[in-house]
Amino acid sequence: MVAPDDILSFWLDEIGPKGWYEASDALDQTIRDRFGAAWLSAREGNYALWLTYPTGTLAYIILMDQFPRNMFRESGEAFASDGVARAAAKAAISRKWDMRIDEPARQFFYLPLMHSESLCDQDHCVRLICERMPETGASNLLHARAHREVIRKFGRFPHRNAALGRSTTAGEREYMAQGGYGATVKALQAAKAA
């Protein structure tokens, strides 16, 4: 049985900020081995008690939003628990539980909104990072704005289409051929520098 502290000590301390956004087959396998069964159990509705306090909710969000992106990279399963992660994040944010967690770990309350294909969630994410991450939010803010731009333009993330079995429009194909998300980030950086 996995406890919230198992997830938090692994993700926040053992992996830490340098490893959070690096693609690594070894890390993906470690997460599958250590937390795959817990993710399945949480999808079946277990771990609801974690949602009754801030650190438990943070662990739940990491388990349901971050870990699937590692465990199921390039697969539709990577997004299968986004809805429950987003609901948990919104409930915690409304209680201001995110403010009980130090930066940079606080960002994990906002990432389910950044991963959402809803423009309202994207706008909310940008606002939260601006307002609630004054010390470490600069990089997150750039990526939050880039995610929002993609949703503004397409209403969804085109890079997910293949994994989710969605057809890709001509506009989305052209966007990805011209650099996709990376090009959006560079354009925002250039606009800020100008």
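The model shown is predicted, which means the values in this text are computed figures rather than measured ones.

(A) Just the packing of helix H1 (residues 4-20) against helix H3 (residues 54-71), in detail. In the contact formed by H1 and H3, the axes pass within 9 Å of each other and the chain directions differ by 60°. Here H3 runs oblique to H1, going by the angle between their axes. As for the relative orientation of H1 and H3, their crossing is left-handed in sense. Residues Pro-4, Ile-7, Leu-8, Phe-10, Trp-11 and Leu-12 of H1 lie in contact with H3, whose contacting residues are Thr-55, Gly-56, Leu-58, Ala-59, Ile-62, Leu-63, Gln-66, Phe-67 and Asn-70. A class-by-class count of the residues in the contact of H1 with H3 yields eleven nonpolar, four polar and no charged.

(B) Representation of unusual backbone geometry within the structure. The omega torsion of the bond from Glu-103 to Pro-104 falls at 0°, within 30 degrees of zero and hence cis. With respect to the helices, strands and loops of the structure, Pro-104 is situated in the loop between helix H4 (82-94) and helix H5 (111-114). Although it is not a glycine, Tyr-47 sits at a positive phi angle of roughly 75°. In this fold, Tyr-47 is placed in the loop between helix H2 (25-43) and H3. One non-glycine residue, Lys-96, lies in positive phi territory at about 60°. Within the element layout of this structure, Lys-96 appears in the loop between H4 and H5.

(C) Region of the structure containing the side chain of Ser-116. Note on placement: Ser-116 falls in the loop between H5 and helix H6 (119-132). The contact partners of Ser-116, leaving out residues within four places of it in the chain, are Arg-86, Asp-121, Gln-122, Ile-151 and Phe-157.

Rules of the game
- Residues numbered from 1 in each chain as written.
- Predicted model: local features only at pLDDT ≥ 70, side-chain atom pairs only at ≥ 80, totals over all residues.
- Heavy atoms only, no water.
- Axes fitted to C-alpha atoms, helices over the stretch in contact; angles between N-to-C directions.
- Helix = DSSP H or I, 4+ residues; strand = E, 2+ residues; numbered from the N terminus.
- Parallel < 35°, antiparallel > 145°, perpendicular 65-115°, else oblique.
- Left-handed = near helix turned anticlockwise from the far one by under 90°.
- Contact = heavy atoms within 4.5 Å.
- Nonpolar A, V, L, I, M, F, W, Y, C, P; charged D, E, K, R; others polar.

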